Amino acid sequence: QVQLVESGGGLVQAGGSLRLSCAASGGTFSMYNMGWFRQAPGKEREFVASITRNGGSTNYGDSVKGRFTISRDNAKNTVYLQMNSLKPEDTAVYYCACSTTPWRRVSGVADVGSWGQGTQVTVSS
């Protein structure tokens, strides 16, 4: 079972940037596809971005395309989410996610085998 710990959240003004990190342990990180999700108060958990095991393919939710970039460093067992041009509607708790199996891509909550504890991102207007 992979354990995930996010960091890097905080308060930022609209138009600003943040970079989230997610450190993995307890498994072979490079074997798993990874993703980021977010959940705002009163809303369902939403897919943000995903990346394949070797980093060769990425996918993004429509609301973040062109502004967010997911990446990973398998040598450091870490996945990142670079968030630029932040908007107030990006305010949410952001969760790191690991696929259920090495060959399953992350595109929705059903694809996730492990979650991090979440990190709060607040964007002020």
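Residues numbered from 1 in each chain as written. Predicted model: local features only at pLDDT ≥ 70, side-chain atom pairs only at ≥ 80, totals over all residues. Heavy atoms only, no water.

A separate point is the overall build of the protein chain. Helix and strand content of the protein chain: 0 helices and 11 strands. Radius of gyration (C-alpha) of the protein chain: 13 Å, near the 14 Å computed for a compact globule of 125 residues. For the protein chain, the C-alpha atoms occupy an extent of roughly 40 × 30 × 25 Å along the three principal directions. Considering only contacts within the protein chain whose residues lie at least 6 apart along the sequence, 58% involve residues at least 24 apart. Of the roughly 6100 Å² of accessible surface on the protein chain, a fraction of 47% belongs to carbon and sulfur atoms. Positive and negative side-chain charges in the protein chain, numbering 12 and 8 respectively, have mean positions lying 5 Å apart. (Helix = DSSP H or I, 4+ residues; strand = E, 2+ residues; numbered from the N terminus. Rg over C-alpha atoms; globule rule 2.2 N^0.38 Å. Contact = heavy atoms within 4.5 Å. Areas by Shrake-Rupley, 256 points an atom, 1.4 Å probe, with all protein chains shown as cover. Lys, Arg positive; Asp, Glu negative; His and termini not counted. Charge placed at Lys NZ, Arg CZ, Asp CG, Glu CD.)

Moving on, we get to the pairing of strand β8 (residues 78-83). Burial runs high along β8: 5 of the 6 residues are buried. Note that strand β3 (residues 18-25) and β8 share 6 bridges and pair antiparallel. Directly across from Leu 20, in β8, lies its bridge partner Leu 81. By the bridge criterion, 6 bridges tie strand β7 (residues 68-73) to β8 in an arrangement that is antiparallel. Bridge assignment links Ser 71 to a residue of β8, and that residue is Tyr 80. (Buried < 20%, exposed > 50% of the residue type's maximum accessible area, 1.4 Å probe, protein only. Pairing = 2+ DSSP bridges.)

Here we come to the state of the cysteines. Under the defined criterion, the tally for this structure stands at 1 disulfide. With a sulfur-sulfur separation of 2.1 Å, Cys 22 is cross-linked through a disulfide to Cys 96. Around the S-S axis, the bridge from Cys 22 to Cys 96 shows a dihedral of about -85° and counts as left-handed. Residue Cys 22 is found in strand β3, and its partner Cys 96 is found in strand β9 (residues 92-99); the two are separated by 74 residues along the sequence. Cys 96 matches Cys 22 in its accessibility class, with the two residues each being buried. Just so you know, Cys 98 is unpaired, no disulfide at all, and the nearest cysteine sulfur is the one on Cys 96, 7.9 Å from it. The buried category is assigned to Cys 98, whose relative accessible area is 2%. (Disulfide = S-S within 2.5 Å.)

Our focus in this paragraph is the nonpolar core. Within the largest apolar cluster, 28 residues are counted, with the highest numbers of intra-cluster contacts made by Met 34, Trp 36, Val 79, Leu 81, Met 83 and Tyr 94. When contributions to this core are tallied by element, the ones reaching two or more residues are β3, β4 (34-39), β5 (46-51), β7, β8, β9 and β11 (119-124). Those residues in contact with Leu 81 that sit more than four places away from it in its chain are Leu 18, Arg 19, Leu 20, Trp 36, Val 48, Ala 49, Phe 68, Thr 69, Ile 70 and Tyr 94. Listed in part, the 5 residues of the second largest apolar core include Phe 37, Phe 47, Ala 97 and Val 106. (Core = buried A, V, L, I, M, F, W, Y, C linked by side-chain atoms within 4.5 Å.)

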